[in-house]
Amino acid sequence: MALFRITATRISDTHQKVLPALAVVLRNLSDTTDLKAVLSKKIPDEQERVKSFRKSYGSTKIGEVTVDMMYGGMRGIKGLVCETSVLDPDEGIRFRGYSIPECQKLLPKAKGGSEPLPEGLFWLLITGDVPNEAQVQAVSKEWAKRAALPSHVVTLLNNFPSTLHPMSQFSSAITSLNSESKFAQAYSTGVHKSKYWEYVYEDAMDLIAKLPVVAATIYRNTYRDGKGVGAIDSSKDWSQNFCEMLGYDNPEFTELMRLYLTIHSDHEGGNVSAHTVHLVGSALSDPYLSFAAGMNGLAGPLHGLANQEVLIFLKKLQQELGDNVADDALKEFIWKTLKSGQVVPGYGHAVLRKTDPRYTCQREFAQKHLPNDPLFKLVSQVYKVVPPILMETGKVKNPWPNVDAHSGVLLQYYGMKEMNYYTVLFGVSRALGVLASLVWDRALGLPIERPKSLSTEGLMKQLKG
Ligand code: AMX
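Residues numbered from 1 in each chain as written. Predicted model: local features only at pLDDT ≥ 70, side-chain atom pairs only at ≥ 80, totals over all residues. Heavy atoms only, no water.

### Comments concerning the site of the ligand
The condition that has to hold: Only a single heavy atom is needed: when it lies within 4 Å of a molecule or strand, its residue is near that molecule or strand. Pairs of N or O atoms within 3.5 Å make up the polar contacts considered here, provided that, within protein, one atom can donate a hydrogen while the other can accept it, and that residues adjacent in sequence are counted only when both atoms are side-chain atoms. For the area figures, the Shrake-Rupley method with a 1.4 Å probe applies, and any residue is considered shielded solely by the protein chains shown.
Within the structure, the ligand sits among 20 residues, and His-303, Gly-346, Tyr-347, Lys-395 and Asp-404 are positioned closest to it. At 2.7 Å from a nitrogen atom of the ligand is found a main-chain nitrogen or oxygen belonging to Tyr-347. When the free accessible area of the ligand is taken as 890 Å², the share hidden by the protein chains comes to 75%.

Structural data, given as C-alpha cells:
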C-alpha cells in the first residue's frame, strides 16, 4: 500500500511537471511558423488514418460507371481523392471545409486590407488549419526568399517573341525551371520514397515563390518596356510584390489581386488543370514538369482560357451593339452565338449547378469598388439575360456564370486591358491548390495513375454478349 502511494505520488508529480510542458510543446507546434514542421507532424498521423480506413473499407463500392460516363468525359465518376477542397454542385467550393465568405472572414489580411492573403489560403490548403498572422507572414517571407529565377530562365523569357501567347511563355518557362528541382535531384541520388513529400514540398514552395516573377516578366516583356521586374521586397506580401513587378501600385488593385489569387487556387481534384498535375506527378515527374502540364490544360478555352474569351466576347458585343445595349438586342446576339455553334464563355460548369460563389464574390467586389463602371453594368446585364436562354436550349446543364465571367471586367477597370494575359493570373493562383495536393499525393504514397480503357468493340462485346 505504501509502495503504491509512493508510486502514485511519483506519477502525479511527474504529471504535474510533464503535462504543462507537453501542453506548451503542443501549443508551440500549433503556433509555429515553420510550415514544414507542421506537415512533418501531421503526415504520419494522416498516413495511419488513411491506412486503417483503407484496411476497413478498401473493397467497399462508392459508385458505378455507366457507358455514358465513359464517353462523356468521366462526368460524375468518383475516381479521385483530393484533400484540399471539395466542390458541391449547389453551394460551390469549400477549401478544407471553409466556404469563400468564411475564408474572407477567417484568413489573415494585409495591414489595412479586407481581402484574405493567398499565403493564408495556402497554409489552410496544405495543413487543413486556419493560420494565424505570424504564420502567414512567415510564408510571405519564405516565398520572397525563394523567388529568384535562374539566369537561363530569364534569358529564355527575354527571347520569346511578343507574339507568343503568354500561356505558352508561362508553361515553357515553368518547364525550364525544372533545372532547380530538388525532387528530381533527390530521386536521381536514390532517396527513399518515404522522403519524397519533403522534396516535393521544397519544389512547391520554390515554384510558388518564382511564379509571380515569371508571370510579371512575361507581362513586362509582352506589353510594356521589357526592362525587367525589379527586386522582391521581403517586407511585402506575395500579391503586393507581384502587383509591383507587374507595374501596378494602386492599393485597391493589390487587394483585388489578393482576392483573385485566393479564389482561383483550387476547385477539387477532377478539373483539367488539377487532374493533369496529379496525373503527371503520379509518374514522379517533378513538380515543375507536373505543374507546366497542368498549365497547358488551363490554357484551353473550355477551362482557364475562358477568362480571356469572356473579355473578347464582351468587346465584340460592345463593338457590334454599342453602349447601352437593349435586352432584346443582347438576346439576339446570344442566340446568334449559340446558333453559330459557339459557347457563351463564362457560363456553364461540369459540376456546379448554381452561380459560382467565385463569381458572386467578384461581383460584390465590383459593387463595392466600381458600381458605375459601364463594363460591369454590361456583365450584370449579361447575367440577367444569358441563363434563361441557356435553359431554353434544353441541353445546357448549368446556365449560371462561372468564375471567368467576372474576373476580366475587374482587371480592365484597374488598367490591365491585355486580355490574353488573364489566364496567366489564373495559373499563378492555381499553383496554390494543385501543388498543396501534390505534396499530399506523395505523402500518402499514391501510385502511378492508370485507369482502364476499353474499345467500343470490346465494350459492345461485354454488354451485348
Ligand atoms: N454556351 C453554350 N453551350 C454550352 C454552354 C455554354 N456556356 N455550356 C454548356 N453548353 C453545351 C455544351 O457544349 C454541350 O453541348 P453539346 O451537347 O452540343 O456538345 C451541352 O451544353 C451540355 O454540356 P454540359 O453538360 O452542360 O457542360 P459540360 O460539363 O460538358 O461542359 C463547360 C462544361 C464549362 C466546358 C461548358 O459549360 C462550357 O463550354 N462553358 C463555356 C466555357 C467556359 O466558361 N469555361 C470555363 C469553365 C470554368 C473553368 O474551368 N475555368
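### Description of the pattern of salt bridges
Quick reminder of the rule: Think of a salt bridge as a Lys or Arg side-chain nitrogen and an Asp or Glu carboxyl oxygen that are within 4 Å of each other. The cut-offs for exposure are 20% and 50% of the maximum accessible area for each residue type, with area from a 1.4 Å probe on protein chains only; residues under the lower value are buried, those over the upper are exposed, and the others partly exposed.
Per the stated rule, a full pass over the model turns up 21 salt bridges. With a closest N to O distance of 2.7 Å, Glu-91 and Arg-94 form a salt bridge. For Glu-91, a relative accessible area of 38% corresponds to the partly exposed category. Among the salt bridges present, the one from Glu-102 reaches Arg-94, with a minimum N-O distance of 3.1 Å. Under the relative-accessibility criterion, Arg-94 is labelled partly exposed at 25%.

### A short note on a nonpolar patch on the surface
Stated formally: The patches reported here contain residues having more than 30% relative accessible area and no salt bridge. Joining distances are 9 Å for like charges and 5 Å for nonpolar side chains (Val, Leu, Ile, Met, Phe, Trp, Tyr). Strands are runs of DSSP state E lasting at least two residues, helices are runs of H or I lasting at least four, and both sets are numbered from the N terminus onward.
Together, Val-65, Val-67, Met-70, Tyr-71, Leu-454 and Leu-463 make up an exposed nonpolar region whose accessible area comes to about 560 Å². Here the element with the most residues in the nonpolar patch is helix H3 (residues 67–71); it accounts for 3 residues. Overall, the relative accessible area of 40% leaves Leu-454 in the partly exposed class.

### Considering helix H18 (residues 374–393)
Where we set the bar: Helix span, as expected, comes to 1.5 Å for every residue beyond the first. The quantity called bend is, for any residue, the angle between two axes fitted respectively to the seven residues ending at it and the seven beginning at it. The criterion used for residue contact is that any of the two residues' heavy atoms lie within 4.5 Å.
When the terminal C-alpha atoms of H18 are compared, their 29 Å separation across 20 residues agrees well with the 28 Å that a helix rising 1.5 Å per residue should span. Most pronounced at Val-385, the bend in H18 amounts to some 30 degrees, and the proline Pro-387 follows within four residues. Where H18 is concerned, the buried positions are Leu-375, Phe-376, Leu-378, Val-379, Ser-380, Gln-381, Val-382, Val-385, Val-386, Pro-387, Ile-389 and Leu-390. Contacts made by the buried residues of H18 are with helix H15 (306–321), helix H16 (327–339), helix H17 (357–369) and helix H19 (404–413). Within two residues after H18, Gly-394 carries a phi angle of roughly 80 degrees, on the positive side.

### A look at the side chain of Glu-46
With respect to the helices, strands and loops of the structure, Glu-46 is situated in helix H2 (residues 35–57). For Glu-46, a relative accessible area of 17% puts it in the buried group. Engagement of the side chain of Glu-46 in a polar contact is seen with the side chain of Arg-49, the distance being 3.0 Å.

### Topic: the UniProt feature "active site" (unreviewed entry) in the protein
Filter applied, for reference: UniProt positions are given in the numbering used here, feature names are shortened, and annotations may be inferred rather than shown by experiment.
In the numbering used here, UniProt assigns the feature "active site" (unreviewed entry) to His-303, His-349 and Asp-404. The greatest C-alpha distance among the annotated residues, which extend across 102 residues, is 10.8 Å, indicating that they converge on a single site. Mapped onto the elements, His-303 comes out in the loop between helix H14 (287–298) and H15. Apart from the residues lying within four places of it in its own chain, the contact partners of His-303 are Asn-271, Val-272, Ser-273, Gly-297, Leu-298, Asp-404 and Arg-430. Here His-349 shows up in the loop between H16 and H17.

### Considering the packing of aromatic side chains
The way to describe two aromatic rings as a pair is by their centre distance and the angle between their planes. Here is the rule: The aromatic pairing rule takes the rings of Phe, Tyr and Trp, using the six-membered ring of Trp, and pairs them if the centres are within 6.5 Å, calling planes under 30 degrees apart stacked, those over 60 edge-to-face and the rest tilted.
Evaluated as defined, the whole model comprises 15 aromatic pairs. An aromatic cluster is defined as three or more aromatic residues linked by ring pairs; in this entry it consists of Tyr-219, Tyr-223, Tyr-248, Phe-253, Tyr-413, Tyr-414 and Tyr-421.

### Points about the state of the cysteines
Linking two cysteines covalently through their sulfur atoms gives a disulfide. Here is the rule we go by: Disulfides are defined as pairs of cysteine sulfur atoms found within 2.5 Å of each other.
What the rule picks out here adds up to 0 disulfides. The closest cysteine sulfur to the non-disulfide-bonded Cys-82 is located on Cys-103, 14 Å from its own sulfur.

### Considering helix H10 (residues 196–223)
Helix length check: H10 (28 residues) gives 39 Å between terminal C-alpha atoms against 40 Å at 1.5 Å per residue, within 8%. Along H10, the sharpest change in direction is near 30 degrees and occurs at Lys-210; proline Pro-212 comes one to four residues later. Counting buried residues along H10, 24 of its 28 residues qualify, which places the element largely inside the surrounding structure.

### Brief notes about the packing of H10 against H14
In plain terms, the rule: Each axis is a line fitted through C-alpha atoms, taken for helices only over the stretch in contact, and angles between the N-to-C directions span 0 to 180 degrees. Note on terminology: angles under 35 degrees are roughly parallel, angles over 145 are roughly antiparallel, angles of 65 to 115 are roughly perpendicular, and the others are oblique. Basically, the charged four are Asp, Glu, Lys and Arg, the nonpolar ten are Ala, Val, Leu, Ile, Met, Phe, Trp, Tyr, Cys and Pro, and anything else, Gly included, counts as polar.
H14 packs onto H10 with a crossing angle of 50 degrees between their chain directions and a minimal axis gap of 9 Å. The angle between H10 and H14 places the two elements in the oblique class. On H14, the residues touching Val-200, Asp-203, Asp-206, Leu-207, Lys-210 and Leu-211 of H10 are Pro-287, Tyr-288 and Phe-291. Here the residues of the contact of H10 with H14 are counted per class, giving 6 nonpolar, no polar and 3 charged.

### Here we look at the confidence of the model for the protein
Segments scoring low in pLDDT should not have their predicted coordinates read at a detailed level. Our working definition: Across the chain, each position has a pLDDT score giving the predictor's confidence in that residue, from 0 to 100.
Summing up the model confidence of the protein, the mean pLDDT is 94 and the portion of residues at 70 or higher is 94%. Mean pLDDT values over the elements of the protein span from 53, in helix H1 (residues 2–31), up to 99, in H14. Overall, residues 1–11 carries pLDDT values under 50, and its contacts beyond four positions in sequence, including any with other chains, amount to 0 contacts.

### Some details on the pairing of strand E1 (residues 85–88)
Looking along a regular strand, one sees side chains alternate from face to face of the sheet. Our working definition: At least two DSSP bridges between two strands are required for those strands to pair.
Only one face of E1 is buried: it carries Ser-85 and Leu-87, and the other face, with Val-86 and Asp-88, is open. Direction of pairing for E1 relative to strand E2 (residues 92–95): antiparallel, over a ladder of 4 bridges. Paired with Leu-87 across the two strands is Ile-93, which belongs to E2. Between E1 and E2, which follow one another and run antiparallel, lie 3 residues.

### Describing the nonpolar core
So the rule is basically this: As used in this record, nonpolar core signifies buried Ala, Val, Leu, Ile, Met, Phe, Trp, Tyr and Cys residues forming a set joined through side-chain atoms within 4.5 Å.
Counting 118 residues, the largest nonpolar core has Phe-170, Phe-242, Phe-291, Met-416 and Tyr-421 as its most contacted members. It is H10 that contributes the most residues to this core, 16 residues altogether. Contacts of Phe-242, omitting those with residues within four sequence positions, involve Pro-212, Ala-215, Ala-216, Met-257, Leu-261, Tyr-421, Leu-425 and Val-428.

### Brief notes about the environment of Val-38
Assignment of secondary structure puts Val-38 in helix H2. Since its relative accessible area comes to 8%, Val-38 is described here as buried.

### Some words on the environment of Ala-326
Residue position: Ala-326 is located in the loop between H15 and H16. Looking at Ala-326, the relative accessible area reads 46%, which means it is partly exposed. On a C-alpha basis, the gap between Ala-326 and Gln-381 in space is 9.4 Å, while along the polypeptide they are 55 residues apart.

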